[in-house]
Amino acid sequence: METRQLEYLVAVADERNFTRAAARVFAAQSTVSAGIRSLERELGGALFERDPHRVRLTPLGEQVIETARDTLRAVERMRELADPRGGLRGQVRVGIFTNLQTIDLPGIMGEFHARHPLVDLRLGPSPSGSTGLADDVRHGRVDVAFMGLPGRVPGLLYQQLTVSPFVAVLPEDHPLAAEPEVALAALMGEAFVDAREGFGNRVTLDRVLDERGLSRRVSTEVSDLGEIPRFVAARLGVAVMPELTVIPAGGAVVRPLAERIDWALSAVSRPRPGAAASALLGLLAERFGQADGSPRRMPGGLS
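Residues numbered from 1 in each chain as written. Predicted model: local features only at pLDDT ≥ 70, side-chain atom pairs only at ≥ 80, totals over all residues. Heavy atoms only, no water.

**A look at the overall build of the protein chain**
So, point 1. When helices and strands are tallied, the protein chain shows 9 helices and 12 strands.
So, point 2. Overall, the C-alpha framework of the protein chain stretches about 70 × 50 × 30 Å when taken along its three principal axes.
So, point 3. For the protein chain, buried positions account for 47% of its 303 residues.
So, point 4. Taking the intrachain contacts of the protein chain between residues at least 6 apart in sequence as the baseline, contacts between residues at least 24 apart amount to 71%.
So, point 5. Accessible surface computed for the protein chain: about 14800 Å², of which carbon and sulfur atoms make up 51%.
So, point 6. Put simply, the protein chain has 36 plus and 38 minus side-chain charges, and the middle of one group is 5 Å from the middle of the other. (Helix = DSSP H or I, 4+ residues; strand = E, 2+ residues; numbered from the N terminus. Buried < 20%, exposed > 50% of the residue type's maximum accessible area, 1.4 Å probe, protein only. Contact = heavy atoms within 4.5 Å. Areas by Shrake-Rupley, 256 points an atom, 1.4 Å probe, with all protein chains shown as cover. Lys, Arg positive; Asp, Glu negative; His and termini not counted. Charge placed at Lys NZ, Arg CZ, Asp CG, Glu CD.)

**Some points on the environment of Val 25**
So, point 1. Considering the arrangement of structural elements, one finds Val 25 in the loop between α2 (18-24) and α3 (29-43).
So, point 2. Between the C-alpha atom of Val 25 and that of Arg 122, which follows or precedes it by 97 residues, the distance is 14 Å.
So, point 3. Excluding its chain neighbours within four sequence positions, the residues that come into contact with Val 25 are Arg 4, Glu 7, Tyr 8, Ala 11 and Val 32.

**Regarding the nonpolar core**
So, point 1. If you look at the biggest cluster of nonpolar residues, it comprises 55 residues, and the most contacted ones within it are Phe 146, Leu 184, Leu 187, Val 240, Leu 265, Leu 280 and Leu 284.
So, point 2. Looking at this core, the elements that each hand over two or more residues are β3 (90-95), α5 (105-115), α6 (129-138), β5 (144-147), β6 (157-171), α7 (200-211), β11 (262-269) and α9 (275-288).
So, point 3. In terms of residue count, α9 provides more of this core than any other element does, 8 residues in total.
So, point 4. Apart from residues lying up to four places away in sequence, Leu 284 is in contact with Ile 108, Phe 146, Gln 159, Leu 161, Ala 267 and Gly 289. (Core = buried A, V, L, I, M, F, W, Y, C linked by side-chain atoms within 4.5 Å.)

**A look at the packing of helix α1 (residues 3-15) against α3**
So, point 1. Two elements in contact, α1 and α3, have axes whose closest approach is 9 Å; the angle formed by their N-to-C orientations is 105 degrees. When the axes of α1 and α3 are compared, the pair comes out roughly perpendicular. Touching Gln 5, Leu 6, Tyr 8, Leu 9 and Val 12 of α1 are Thr 31, Val 32, Gly 35, Ile 36, Ser 38 and Leu 39, all from α3.
So, point 2. Class assignment of the residues belonging to the contact of α1 with α3 gives a composition of 7 nonpolar, 4 polar and no charged. (Axes fitted to C-alpha atoms, helices over the stretch in contact; angles between N-to-C directions. Parallel < 35°, antiparallel > 145°, perpendicular 65-115°, else oblique. Nonpolar A, V, L, I, M, F, W, Y, C, P; charged D, E, K, R; others polar.)

Shown next as structure tokens:
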């Protein structure tokens, strides 16, 4: 068994497609397919179910995939320790939110690159928001992810970064736009603009509404949190979202909520992150942490 075969196994499991997996590992598709077949012969069973529409792990594949990931991380760590040039090498896959302009993500990654120039960065979002990012980290498809789900997902290492209050976002001519604060119950008859199901801000708000016996209608869903105020300005509805995620838009106003609702932004990883991922988590702790190690609380909040 060769580590290259394990790289093929992990790539196909992540991409669920042999062509994309081959591009990821810089190999011909026939080479990846041959490597998987060889591994299947050695293990005595099929690792993937293949049909014209999708590729997925078999029960045997599910059993061995995490061991394959751990083995590759261990090999990477051995290479780092043996490298006479010193310094971190490899890559870090980071799950991000799109258009979260209040977090200086380019600045953070620029500083990380300055400290560790031999580490490549692979950044990307999930179409299902924090829920998808948590699943990506849990299954090893992503090394570190920003996440805004309430509570804790089992099996993940958490580093809380900041806490932000929810606010109301209203069209500027809305009857409540001039009020000093807005109660949730006053908005329940309105159409809402919100992120798709699975996004952490929506999961957090829906739980609060359920606890209070309130219900709403989400008439417009978007996959980019930063775009929500623009859709509100276009009078497609109102929104209730974390203040941290609000990008001002002409024609929309932001008002505090009467209720205290907090949204926590965290960085998550698997319990034993690699050296490069650990270095990124350390930088995030420097950027967001206070002297006592507690998360930074956004100014002007209700919490």
